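# Structural overview for review
The chain contents come next:
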Amino acid sequence: MFQDNPLLAQLKQQIQENLPKKEGQIKATDKGFGFLEVDSKTSFFIPPPYMKKCMHGDKVVAIIRTEKEREVAEPQELVEPSLTRFIGRVQLHKGKLNVAPDHPQLKKTPLKAKTKKGVNPEQFKEGDWVVAHLTRHPLKDDNGFFVEISEKITDADDKIAPWWVTLAENDLPNSEPAGIDEWQLKDDADLERIDLTDMPFVTIDGESTKDMDDALYAKQLDNGSFELTIAIADPTAYITPEDNMDKVARERGFTIYLPGRNIPMLPRDLADELCSLIENQVRPALCCSVTVDKDGVIGDDIRFFAANIKSHARLVYDHVSDWLENGSSDAWQPDETIAAVVRDLHAFAQARANWRETHAVVFPDRPDYRFELSEDNDVIAIHADSRRTANRLVEEAMITANICAGKTLQASFGTGVFNTHAGFKPEKLADVVELMNEHGAEIDAENVATVEGFAALRRWLSAQETAYLDNRIRKSQSYSEIGNEPLPHFAMGLDVYATWTSPIRKYGDMINHRMLKAHILGKESVQKPDETVGEELALHRKHHKIAERNVADWLYARTLAEEPAKGTRFNAEIFDINRAGMRVRLLENGAAAFIPGGLILDNKQRLECNGEQGTVSVDKEVVFKLGDTLEVVLNEVNQENRSLIAKPTQVFADLPQAEPAAHQEPAAQEQSTEA
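Throughout this description, residue numbers start from 1 for each chain and increase along the sequence as written. Restriction of local features to residues with pLDDT of at least 70 applies here, the model being predicted, together with a cutoff of 80 or more for giving and counting side-chain atom pairs; totals for whole chains, interfaces and linings are based on all residues. Hydrogens and water molecules were not included; the side-chain quantities draw on all heavy atoms of the structure.

As annotated in an unreviewed UniProt entry, the protein carries the name Exoribonuclease 2 and comes from Vibrio ostreae. What the UniProt record of the protein gives under Sequence similarities (unreviewed entry) is the line "Belongs to the RNR ribonuclease family. RNase II subfamily." UniProt positions are given in the numbering used here, feature names are shortened, and annotations may be inferred rather than shown by experiment. Under the heading Subcellular location (unreviewed entry), UniProt records this for the protein: "Cytoplasm".

In this section: the overall build of the protein. What the protein contains, in helices and strands, is 16 helices and 29 strands. Taken over the C-alpha trace, the protein has a radius of gyration of 29 Å; the compact-globule value for 675 residues is 26 Å, and the two agree within 12%. With the principal axes as the frame, the protein shows a C-alpha extent of 100 × 65 × 50 Å. For the protein, the proportion of its 675 residues judged to be buried stands at 50%. Two residues qualify as a contact provided that any one of their heavy atoms is within 4.5 Å of a heavy atom in the partner residue. A separation threshold of at least 6 residues defines the contact pool for the protein, and within that pool the share at least 24 residues apart is 66%. Here the accessible surface of atoms and residues is derived via Shrake-Rupley with a 1.4 Å probe, and residues count as covered only by protein chains that are part of the display. Approximately 34,100 Å² of the protein is accessible, and the part contributed by carbon and sulfur atoms is 46%. Secondary structure elements follow DSSP: runs of H or I no shorter than four residues count as helices, runs of E no shorter than two count as strands, and numbering proceeds from the N terminus. Radius of gyration means the value over C-alpha atoms here, while the globule rule gives 2.2 Å times the residue count to the 0.38 power. Exposure categories follow from relative accessible area, calculated using a 1.4 Å probe and restricted to protein chains: below 20% of the type maximum is buried, above 50% is exposed, and the middle band is partly exposed.

Here we take up the packing of helix 6 (residues 317-326) against helix 7 (residues 336-359). In helix packing, the relevant descriptors are the interaxial angle and the interaxial distance, both defined with respect to the helix axes. Look at helix 6 against helix 7: their axes get within 12 Å of each other, and the N-to-C directions meet at 75°. Judged on the interaxial angle alone, helix 7 and helix 6 are roughly perpendicular. Here Val320, Trp323 and Leu324 of helix 6 come into contact with helix 7, specifically with Ala339, Val342, Arg343 and His346. Three classes are used, and their members are as follows: Ala, Val, Leu, Ile, Met, Phe, Trp, Tyr, Cys and Pro are nonpolar, Asp, Glu, Lys and Arg are charged, and the others, Gly among them, are polar. When the residues that make up the contact of helix 6 with helix 7 are grouped by side-chain class, the tally is five nonpolar, one polar and one charged. To define axes, lines are fitted to C-alpha atoms, for helices over the stretch in contact only, and angles between the resulting N-to-C directions are given on a 0 to 180 degree scale. Roughly parallel means an angle under 35 degrees; roughly antiparallel means over 145; roughly perpendicular covers 65 to 115; every other angle is labelled oblique.

A residue's pLDDT is the predictor's confidence in that residue, given on a scale from 0 to 100. Across the protein, pLDDT averages 92, with 94% of residues at or above 70. Confidence drops under a pLDDT of 50 for residues 657-675, and excluding neighbours within four residues, the segment shows 27 contacts in the predicted structure.

The geometry of an aromatic ring pair is captured by the separation of the ring centres together with the interplanar angle, meaning the angle of the planes. Pairing of aromatic side chains here covers Phe, Tyr and the six-membered ring of Trp, requires ring centres within 6.5 Å, and sorts the geometry by plane angle: under 30 degrees stacked, over 60 edge-to-face, intermediate tilted. Applying the stated criterion to the full structure yields 12 aromatic pairs. Ring centres of Trp129 and Trp554 lie 5.4 Å apart, and the angle between their planes is 55°; this geometry places the pair in the tilted category. Taken together, the residues Trp129 in strand 9 (residues 129-136) and Trp554 in helix 14 (residues 532-559) connect sequence positions 425 residues apart. Looking at Trp129, the relative accessible area reads 3%, which means it is buried. With a relative accessible area of 11%, Trp554 lands in the buried category.

In this structure, Ile309, Leu315 and Trp500 are the most contacted members of the largest nonpolar core, which totals 86 residues. Beyond its immediate sequence surroundings of up to four residues, Leu315 is in contact with Val202, Thr203, Ile204, Asp205, Val320, Trp332, Ile338 and Val342. The next biggest cluster of nonpolar side chains, apart from the first, holds 60 residues, and it includes Ile160, Ile256, Ala557 and Val618. Side-chain atoms within 4.5 Å are what join buried Ala, Val, Leu, Ile, Met, Phe, Trp, Tyr and Cys residues into a set we call a nonpolar core.

The patches reported here contain residues having more than 30% relative accessible area and no salt bridge. Joining distances are 9 Å for like charges and 5 Å for nonpolar side chains (Val, Leu, Ile, Met, Phe, Trp, Tyr). Between Lys or Arg on one side and Asp or Glu on the other, a salt bridge is scored when a side-chain nitrogen of the former is within 4 Å of a carboxyl oxygen of the latter. His residues and chain termini do not enter the charge count, which takes Lys and Arg as positive and Asp and Glu as negative. Working definition for charges: the position is that of NZ of Lys, CZ of Arg, CG of Asp or CD of Glu. Together, Asp431, Glu434, Glu438 and Glu612 line one region of the surface with negative charge. Inspection of the secondary structure assignment puts Glu612 in the loop between strand 25 (607-610) and strand 26 (615-618).

Our focus in this paragraph is the pairing of strand 23 (residues 581-586). Pairs of strands are assigned from DSSP output, requiring at least two bridges between the strands. Of the pairings in the sheet, the one linking strand 22 (residues 569-578) to strand 23 comprises six bridges and is antiparallel in character. Its bridge partner lying in strand 23, Ile574 is registered against Val584. Counted between consecutive antiparallel strands, the loop separating strand 22 from strand 23 contains two residues. Two elements, strand 23 and strand 24 (residues 592-596), share five bridges in a ladder whose sense is antiparallel. From the neighbouring strand, Val584 faces strand 24, where its bridge partner is Ala593.

This part covers the sheet that holds strand 7 (residues 96-101). Within a sheet, each strand pairs with its neighbour through backbone hydrogen bonds, oriented either parallel or antiparallel. Spatial ordering of the closed barrel is given by 6-7-8-10-9, a layout of five strands whose pairing is mixed. Along the sheet, successive strands turn relative to each other by an average axial angle of 55°, direction set aside. Inspection of the sheet shows strand 9 paired to strand 10 (residues 146-154) by seven bridges, in the antiparallel sense. Within strand 10, the residue paired with Trp129 across the bridge is Thr154.

Now for the pattern of salt bridges. In this structure the tally under the stated criterion is 42 salt bridges. Two residues, Asp188 and Lys523, come together in a salt bridge whose shortest N-O distance is 3.2 Å. Taken together, the residues Asp188 in the loop between helix 3 (161-169) and strand 11 (194-205) and Lys523 in the loop between helix 13 (507-521) and helix 14 connect sequence positions 335 residues apart. The class of Lys523 is partly exposed, set by a relative accessible area of 35%. Several salt bridges converge on common partners, so that one network encompasses Arg356, Asp365, Arg387, Arg392, Glu395 and Glu396.

Taking 1.5 Å of rise per residue, the 28 residues of helix 14 would be expected to cover 40 Å, and the 41 Å separating its terminal C-alpha atoms lies within 8% of that figure. Regarding helix 14, the residues found buried are Val533, Gly534, Leu537, His540, His544, Ala547, Val551, Ala552, Trp554, Leu555, Tyr556 and Ala557. One less than the residue count of a helix, multiplied by 1.5 Å, gives the span that helix is expected to have.

UniProt marks residues 567-649 with the feature "domain: S1 motif" (unreviewed entry), using the numbering shown here. As annotated, residues 567-649 comprises 5% helix and 60% strand, and the C-alpha atoms at either end are separated by 10 Å.

Okay, the environment of Leu586 next. Relative to the helices and strands, Leu586 resides in strand 23. The buried category is assigned to Leu586, whose relative accessible area is 0%. Those residues within four positions of Leu586 in sequence are excluded, and the remaining contacts are Tyr369, Leu560, Phe570, Asn571, Ala572, Ala591, Val632 and Leu634.

This is the structure we're talking about:
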């Protein structure tokens, strides 16, 4: 009788207006209830009936009231939905379309759906992958959740789903750009190309690489110094800033590299053929020559120029590494001319590496993990490719070339596309200094805020017996950035750094090519980067890295699904610790796994996982810390969520359980979802 009473409704509204309100994010649980997380220390319980008006990840304003002597939150106003455009799987209920979002916390909540105008609903079957858009939310409309399907990604059982679904999720293209019928050279009329076809350049790449974008030549002089020439493929000879293809390249930003396949930034007929520095084929190139002395110091005689070059040998990393490391290679026997070039390149690389080890920063060698796929997209094997001598040789040549470009762009224009790194976050600097001095580093805030001081600290850290301190301070470091100002790159220990060595794969390198050509001609550049270019490229790079990681996680879950039953033992390295447990990387294959605290020791009173200290302790004694390696087995592989749960093989003796607490708030269950 009170259901439609306007006075009662008015009274209810007045009461709600007088109740306190909090804004926060919804965190759902498997039990039907949830939490309103206001900040890292404050959360409010949301009973199951109230959770029906929101979903995990929503940002809402909720009223806080007391029910049964407990403060609870009732979501009232939607600030930002967790879902807008999303990926999901079709579920058919009595012939009607529903979509279950592809998210661990949302998969059990299928949403009523319809298809977008022009999309045939008859094409969808149970489990198909789709792109959907949230069109109705209970906090905006009392009629409940509703979504619209805009496109089908692929069938439920398609083995290529990891790639297509991930690309769609990140709104990335799944094919190369369309080429044109005939590419034409569009060089500036004043740009003269030097004929260097007789110079014995070599390319060194992976065995299957087609887009070969750098060729190298070095000659060691009698005084021990090196004449180095780097030739880089030149797509800007065919693409001007006004061309539609340039707009396509800018929209893509980079070639997308995913396990087992890549999506080129430029059409393959340009990237893999016309521009690729194929052996014995004449190609236009942008070149840099410089002298590097026997101690690895880069000279002041940096010279950029345009040329026509020809690769005299298409070499493979492993073959060159075998030859340099063992004195011979069964797969490759060079003639004396090529052998001399490779020997001199190797000597140059050693000189530069020695200089960087003493004056800058050299990153530790870590393997690259590579998925080998069958023709029908099954994983045949996962290879851990170590960085060998030839890989480091090419790396030193590219770093040298990019240092030269950075200096040239800074001197000529004061702008360009620069890779930068600001060192430690200002708010973390004091804590880093205190921690390092506690362990004998003897640094001060003023010095470590310089490139030289930061690089010296990184060298000190690399000399330590364990990687614990290095891992401990990583979260205190800034992120690498891309911008149009010539700022230092602290993480590399360099004053300036601008990449131009991969224009087939990076749009920022195409911009730098055009600016370097303007430098050669002594003209104003036809294209200068504004302050938005760094943000654009950084966003592209972020989505590409997420996509690469997500596809890898999917393939790892698919490949390792049987390992828990087999009890296979893996060596793993700890790379993150939080209050719920620790994250490790399996060294044999690169897969990331989570070890919950309960699988380390099922006794919360005795166990402490301290994220700030980067340690795991049992009975207040540290048993694991960041950077440690340990032996683990996989406890669970969840293919639906693409996640791995592991546990250490090391057993910690348990003691009788402590008496349980008299009362435990539901918030304690919150930790179970933190992983």
